[in-house]
Amino acid sequence: MHDDVHLTEGRVSRVLKERLWPAVHTIAAPVSVDWHELPGEPIPPTEGLALTYEKVEVGTDWGPAWGTTWFRITGTVPAEWAGRRVELVCDLGFDVNKPGFQCEGLVYTPDGEPIKSLNPRNQWVLVASEAVGGEEVELFLEAAANPVLLDYHPFLPTQEGDIRTSSPKKLYTTRRIELAVFEEDVFELCLDLEALHELQVELPEGPRKSHILQAIDDALDRVDLQQIAETAASARSALTGVLEATSHDSAHQIAAIGHAHIDSAWLWPVRETIRKVARTTSSMTELLGEDPDFRYGMSSAQQYAWLKEHRPEVYAKVKAAVAEGRFIPLGGMWVESDTTMPSGESLVRQFLYGQRFFESEFGIRCRGVWLPDSFGYSPALPQLMKRAGFEWFFTQKISWNQVNKFPHHTFEWEGIDGSRILSHFPPMDTYNSRLSGQEVAKASRQFRENRLATGSIAPVGWGDGGGGTTREMAGKARRLRDLEGSAQVSWRHPDDFFSEARAELAEPPVWVGELYLELHRATLTSQHLTKQGNRRCEHLLVEAELWSATAALRGLVDYPYDELDALWQQILLQQFHDILPGTSIAWVHREAAAQYARVAEAATALIERSLTALAGEGTVALRADGRSGAVTAAEPVAAVSVIEQDGAYVLDNGIVQVTVSAEGLITSALDLATGRDAIPAGAEANLLQLHQDFPNMWDAWDVDRFYRNRVTDLREVTSISVTPDGLVIERPISADSSTTQVLSLAPGSRVLDISQSTEWHETEKFLKVAFPLDVKAEQTLAETQFGYHRRPTHTNTSWEAAKFETSMHRWVLASEPGFGVALVNDSTYGFDVTRPSALTTEVRLSLLRAPRFPDPETDQGVQTHRYGLVIGASVAAATEAGAALNTPPRPVSGARSVEPLVTVSGEGLVVSSVKLAADRSGDLVVRVYESLGARTSGELRVSAAYATVSEVSLLEDSITAVTSQDRVVPLRLDAFEIRTLRFHRVEE
């Protein structure tokens, strides 16, 4: 026979697109449309239903950016439609290629019951499954005119990302609003043909492919394109044979789960996410009712909490579906957070608040962590997940790597302490699957563990901006349940998938260390105010808990449970993986900055209230240490004076001596005890460097390696002056930007403190500060949650070369045997390391960027940084200096000193958190960890009465009883081990 493959493929593609899909709704009846345009923010549905409406014609423009229009739609079902399925078909001006990224709507009945959403891939609403002729129809539609910001030419700067700067121009034009008969046979024929067509494209030449092509031709021969509805059933019968052919025993097993991956903020503000969640979950509960096999999963306790607060009518449907076991809470976190930058305590609270919400609302706890889209994953996560009671971890983003292909799909992930957790990446390489033939075949073909395991996960549905699973996707799943040539698809709970994967892989492959994403490296720097606010608030909240617990257990104040919970939940929300990384629109980051300021003020007020109660009323100058929990007499501490000497400036406190050139650059940083200079001879540190920064894609997200090819060293000095605060250096960055640094050295300190204020008005530039170090460091050590992570300084392999921008928390250390130098910071997360020679190491901190998408004003204005050079540093010294920089002592006026509530002794032991238990029992919870990467022992002492002590999980559940004597608990910890102790209060 002649080869007619391409002829058949072209035929089915055109007929589907131009004739069959449009024929799903062909018999139509007009409706009347009225509207009410809202000038400002959205209103509750009860208010929307009560608005005054005026008539409008279909074809009218509507919706300025971020506006809301309420439509009232009325009509009558024609008598001849009796017994037919009738739907409202509504095209608000959709672009079918942008679901989740443009206008959307939620349809209500007149009594306020939500039905389902409307979006570019879901343009229908059920009116009646078996219509009654003459039936009156009245529906209300809340339509959101969200602007398209990620367009066909992506990454173009736009002012539409903030309601304060967006254009009043109306963005959309209604195209079609009418009642229509749903032609079920036509719909099913479309899905039959589409599934078979996509399948055969992926098949090799052979009988199965040929049989499918012939069946498609036979079916299309039976379709009368002028009487499609009447001939669809006959056409379907021609496909019965190829659709009933079953798959083979070794077919790949795909565990599908309905999904929408709704970003809690991104190219839309938080207030719009609340509505996106309501729209998507309305559609998903509706689809659960239509398809008995379908299961839907949604992460983020925050999103459920939004429904409960803002859309209780939708939440009631969700809660009922959860009780049936078909709407599945996933992930056990407050939001799908970034995991690289949040502190250890923040990640603990992501799990604590997430799981507590799911347990209190639904009576369940999630067994796995669901994080498909964060931009890399901290090596501390495996221990945190295990100690929070999780059994598995799911992600997908590492498939975006620029250079190296990750070698596993189902594997054990090992963290810095040795903890391992079963992990899975879907070989489809997407968390927005449509169950297309290409995706299903890719999963089968790419699955790395095919020799021993049989299956993978497919999150199915339109995501990012919401939308979720469609009835078309559900129809595909039915056809792929057991179809020859295809993987087998079934709706499954992820827990079941992981249980079976564990049984199949008795000894899974192991990946050790961070899951570094070879992309989106600039998320460690973009939107500095957001990152600075996060860091400051994390530390303030931990400090507020410490002082509040101390005062509460001493009977001086009530512990502020409600206030602390609310403040933590706000910070956890803003750790979402498009907020903290700095990749959202201007509106999101403007609101984030305001919320950080509010949280900081409220946390400070809680601290001051407790300190006032503890120290008493008085005028004695005191010093409150927010890390130890002690209040002691204040001792005046002044910075070491700066001496001008031979055209340079010298700071010397008897421990270290720092020399600064007339250009304001550090030429020497001498450890006086050893004689070692941290700065190589002839080199200059604290050198600000400006790079051109225009990545190939994803402006706020990415920095590409070639940015290093163009650099300007900022050597020009406007002025250098000696002040009581230290050495003040002013220098221009450009005609529009400048910076002021204050260099100071405290008595007894190894840390040269650098406070920097930058007037930043650059475009597409990257500001770094360089510190060449006279250290032969084979590796750098960078702080991560509850420990540190080692990274090689060389680039022997493509894996190492890809890590040209990496992350830290409060410090990074370069060391050789006997000598080390650290850089500590108060708000910086990104850095890079190079080796100028075999014996030296250069560390550069990443300070500011200026991308123009999605926020064209990123980081513009005044930005502040504080960082320090620790001369002659060890891990312990870097840990201490980093903590001190981020939680400085607080001046207090009072009447008395205060003994700490908790003290710890033992090399490397650090108290991370002191708080009262989340269940409000009044028990004291103390978390301690080993910080040096070595096994250690010590003691923890509590100056409060308690009945018993138990070790608990990160969720504060009891694990085992602990022996204590005279209020002292002996401790033995492995490297980087986290231990949480609960001191049960004495019953009154």
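Everything here concerns the structure above.
Here the structure is a predicted model, which means the values were calculated and not measured.

Student: Tell me about the sheet that holds strand E46 (residues 902-905), and please be specific about residues and values.
Tutor: Spatial strand order, E46-E49-E52: 3 strands in an open sheet with antiparallel pairing. Edge positions in the open sheet fall to E46 and strand E52 (968-973), since each of these has one partner strand only. Strand-to-strand twist of the sheet, defined as the mean angle between neighbouring strand axes without regard to direction, takes the value 25 degrees.

Student: Give a description of the side chain of arginine 731 that names residues and reports values.
Tutor: Relative to the assigned elements, arginine 731 resides in strand E33 (residues 726-732). Although arginine 731 is buried, it forms no salt bridge, and the closest oppositely charged side chain is glutamate 663 at an N-O distance of 6.8 Å. A distance of 3.1 Å separates a polar side-chain atom of arginine 731 from the backbone oxygen of leucine 714. Dropping the residues within four chain positions of it, arginine 731 is found in contact with Glu663, Gly664, Leu665, Leu688, Leu714, Arg715, Glu716, Val717, Thr718, Ser738 and Thr739.

Student: Explain the packing of aromatic side chains to me, using residue names and the numbers behind them.
Tutor: Tallied over the entire structure, the rule returns 47 aromatic pairs. The interplanar angle of 80 degrees and the centroid separation of 6.1 Å between the aromatic rings of tyrosine 304 and phenylalanine 327 together place this pair among those described as edge-to-face. Here tyrosine 304, found in helix H8 (residues 301-310), pairs with phenylalanine 327, found in strand E15 (residues 327-330); they are 23 residues apart in sequence, far enough to count as distant. The pair formed by tyrosine 304 and phenylalanine 327 is uniform in burial state, with each residue classed as buried. Relative to phenylalanine 498, the ring of tryptophan 392 has its centre 4.3 Å away and its plane inclined at 5 degrees; by these criteria the two rings are stacked. Note that tryptophan 392 is positioned in strand E17 (residues 392-394) and phenylalanine 498 in helix H14 (residues 494-504), a separation of 106 residues in sequence. The exposure class of tryptophan 392 is buried, given its relative accessible area of 2%.

Student: If you had to explain the nonpolar core to someone new, which residues and values would you point to?
Tutor: It is characteristic of soluble globular proteins that their nonpolar side chains tend to be buried jointly. Judged by nonpolar contacts, the single largest core of 187 residues is most densely connected at Leu193, Phe351, Trp413, Leu924 and Phe983. The element that contributes the greatest number of residues to this core is helix H17 (residues 586-615), accounting for 12 residues. Discounting residues that sit within four places of it in the chain, leucine 193 has contacts with Val12, Leu16, Leu20, Ile216, Ala219, Leu220 and Leu239. If you look at the next biggest cluster of nonpolar residues, it comprises 48 residues, including Ile679, Ile754, Leu767 and Leu845.

Student: Summarise the packing of helix H1 (residues 5-20) against helix H4 (residues 207-222); cite the residues concerned and give the values.
Tutor: Between H1 and H4, whose axes approach to 10 Å, the crossing angle comes to 45 degrees. Comparing the axis directions of H1 and H4 gives the class oblique. Read as a crossing pair, H1 and H4 show a hand that is left-handed. Contact residues: Val5, Thr8, Arg11, Val12 and Val15 in H1; Lys209, Leu213, Ile216, Asp217, Leu220 and Asp221 in H4. Taken together, the residues that form the contact of H1 with H4 break down as 6 nonpolar, 1 polar and 4 charged.

Student: Got a sec to walk through the sheet that holds strand E9 (residues 124-128)? Specific residues and values, please.
Tutor: Within the open sheet, the 4 strands sit side by side as E1-E12-E6-E9. Their pairing is antiparallel. Of all strands in the sheet, those bounded by a partner on one side alone are strand E1 (25-30) and E9. The average undirected angle you get between the axes of adjacent strands in this sheet is 35 degrees. Across 4 bridges, E1 lies against strand E12 (residues 176-182) in antiparallel orientation. Each residue of the ladder has a partner; that of alanine 28, found in E12, is alanine 180.

Student: How would you explain helix H7 (residues 270-290) if you had to name every residue and give the values?
Tutor: In this model, H7 (21 residues) spans 30 Å end to end at C-alpha, consistent with the 30 Å of a helix rising 1.5 Å per residue. Most of H7 is tucked away: 19 of the 21 residues are buried.

Student: Mind laying out the environment of aspartate 429, listing which residues take part and the relevant values?
Tutor: Topologically, aspartate 429 is positioned in the loop between strand E19 (420-424) and helix H12 (437-446). Residue aspartate 429 is classed as partly exposed on the basis of its relative accessible area, which comes to 22%. Separated by 167 residues in the primary sequence, aspartate 429 and isoleucine 262 have C-alpha atoms spaced 18 Å apart. Those residues in contact with aspartate 429 that lie beyond four places of it in its chain are Gln396, Ser399, Lys442 and Gln446. A distance of 3.3 Å separates a polar atom in the side chain of aspartate 429 from a polar atom in the side chain of lysine 442. Within the structure, aspartate 429 has its side chain in polar contact with the side chain of glutamine 446 (distance 3.1 Å).

About the criteria used
- Residues numbered from 1 in each chain as written.
- Predicted model: local features only at pLDDT ≥ 70, side-chain atom pairs only at ≥ 80, totals over all residues.
- Heavy atoms only, no water.
- Pairing = 2+ DSSP bridges.
- Helix = DSSP H or I, 4+ residues; strand = E, 2+ residues; numbered from the N terminus.
- Axes fitted to C-alpha atoms, helices over the stretch in contact; angles between N-to-C directions.
- Buried < 20%, exposed > 50% of the residue type's maximum accessible area, 1.4 Å probe, protein only.
- Lys, Arg positive; Asp, Glu negative; His and termini not counted.
- Salt bridge = Lys/Arg side-chain N within 4 Å of Asp/Glu carboxyl O.
- Polar contact = N/O pair within 3.5 Å; in protein donor to acceptor, adjacent residues only side chain to side chain.
- Contact = heavy atoms within 4.5 Å.
- Phe/Tyr/Trp six-rings, centres within 6.5 Å; stacked < 30°, edge-to-face > 60°.
- Core = buried A, V, L, I, M, F, W, Y, C linked by side-chain atoms within 4.5 Å.
- Parallel < 35°, antiparallel > 145°, perpendicular 65-115°, else oblique.
- Left-handed = near helix turned anticlockwise from the far one by under 90°.
- Nonpolar A, V, L, I, M, F, W, Y, C, P; charged D, E, K, R; others polar.
- Expected span 1.5 Å × (residues − 1).

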